[in-house]
Amino acid sequence: AADEEQLEALVRAGMAAPSAVDARPWDFVVVTDRALLKRLAEALPYAKMAAQASAAIVVTGDLRRQHGGEGAQFWIMDCSAATENILLAASALGLGAVWTAVYPEEDRVEAVRELLGLPAHVVPLNLIPIGVPAAAPKAKEKFDPAFVHKNRW
């Protein structure tokens with residue numbers, strides 16, 4: 001199980017991400033309550049593993065704190081960068097973690113908003129279940145030179 005020190009390290013990694021004009025519009029809801037993890041798993045179709053996870057981190061974006069104000073979309077990129085940092089840090093700590101989408105599916109956003117008591121100006125981007133992998137995962141090889149262009153398309 002992920003311990004408090006590891007969970008703090010993951011959130012610290014998230015907060016180290018770049019953001020537009022360093023606005024840092026993210027907040028992180030660290031969920032360790034078993035009943036709440038189960039309810040989140042029930043509400044989110046691709047986060048069923050959260051019911052067995054030792055914890056989950058919900059990455060949220062505060063529309064009021066993002067660059068460009070409430071109507072902008074920078075929070076999505078900023079919180080995505082924070083999420084990737086969390087996933088990389090989890091791997092480095094020997095933990096298992098996966099990005100499960102909440103935003104932009106409105107029913108998922110509303111379910112998570114209600115379960116976690118999020119204010120209306122805070123949007124949950126994703127839920128990251130955290131645990132200890134049953135086996136060492138094999139490295140993914142996704143490189144494809146067909147998607148690399150040099151100097152011009």
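Below is a short write-up of the structure. (Residues numbered from 1 in each chain as written. Predicted model: local features only at pLDDT ≥ 70, side-chain atom pairs only at ≥ 80, totals over all residues. Heavy atoms only, no water.)

For the chain, the count of helices and strands is four helices and five strands. Secondary structure elements of the chain occur, N-terminal to C-terminal, as α-β-α-β-α-β-β-α-β. Computed over C-alpha atoms, the radius of gyration of the chain comes to 16 Å, within 12% of the 15 Å expected from 2.2 N^0.38 for 153 residues, which places it in the range of a compact globule. Expressed as lengths along the three principal axes of its C-alpha atoms, the size of the chain is roughly 50 × 40 × 30 Å. Out of the 153 residues belonging to the chain, those deemed buried represent 41%. Total accessible area computed for the chain in this model is approximately 9,000 Å², and 55% of it derives from carbon and sulfur atoms. If the 15 positive side-chain charges of the chain are averaged to one point and the 19 negative ones to another, these points end up 5 Å apart. (Helix = DSSP H or I, 4+ residues; strand = E, 2+ residues; numbered from the N terminus. Rg over C-alpha atoms; globule rule 2.2 N^0.38 Å. Buried < 20%, exposed > 50% of the residue type's maximum accessible area, 1.4 Å probe, protein only. Areas by Shrake-Rupley, 256 points an atom, 1.4 Å probe, with all protein chains shown as cover. Lys, Arg positive; Asp, Glu negative; His and termini not counted. Charge placed at Lys NZ, Arg CZ, Asp CG, Glu CD.)

Let us look at the packing of aromatic side chains. Applying the stated rule across the entire model yields two aromatic pairs. Judged by centre distance (6.4 Å) and plane angle (40°), the rings of W26 and F28 are tilted. As far as burial versus exposure is concerned, W26 and F28 are alike and both buried. Taken together, a centroid distance of 4.9 Å and an interplanar angle of 75° make the contact between W75 and Y103 edge-to-face. On the criterion of sequence distance, the pair formed by W75 in helix α3 (residues 74–92) and Y103 in the loop between β4 (100–101) and α4 (106–116) is long-range, its members being 28 residues apart. According to the relative accessible area criterion, W75 is buried, its value standing at 2%. With a relative accessible area of 27%, Y103 lands in the partly exposed category. (Phe/Tyr/Trp six-rings, centres within 6.5 Å; stacked < 30°, edge-to-face > 60°.)

Burial within strand β2 (residues 55–62) is extensive, with eight of its eight residues counted as buried. Where burial is concerned, the two faces of β2 agree: the one with A55, I57, V59 and G61 and the one with A56, V58, T60 and D62 are both buried. Bridging between strand β1 (residues 26–31) and β2 involves six bridges; their strand directions are antiparallel. The residue bridging D27 from the neighbouring strand is T60, located in β2. Note that β2 and strand β5 (residues 122–131) share eight bridges and pair antiparallel. (Pairing = 2+ DSSP bridges.)

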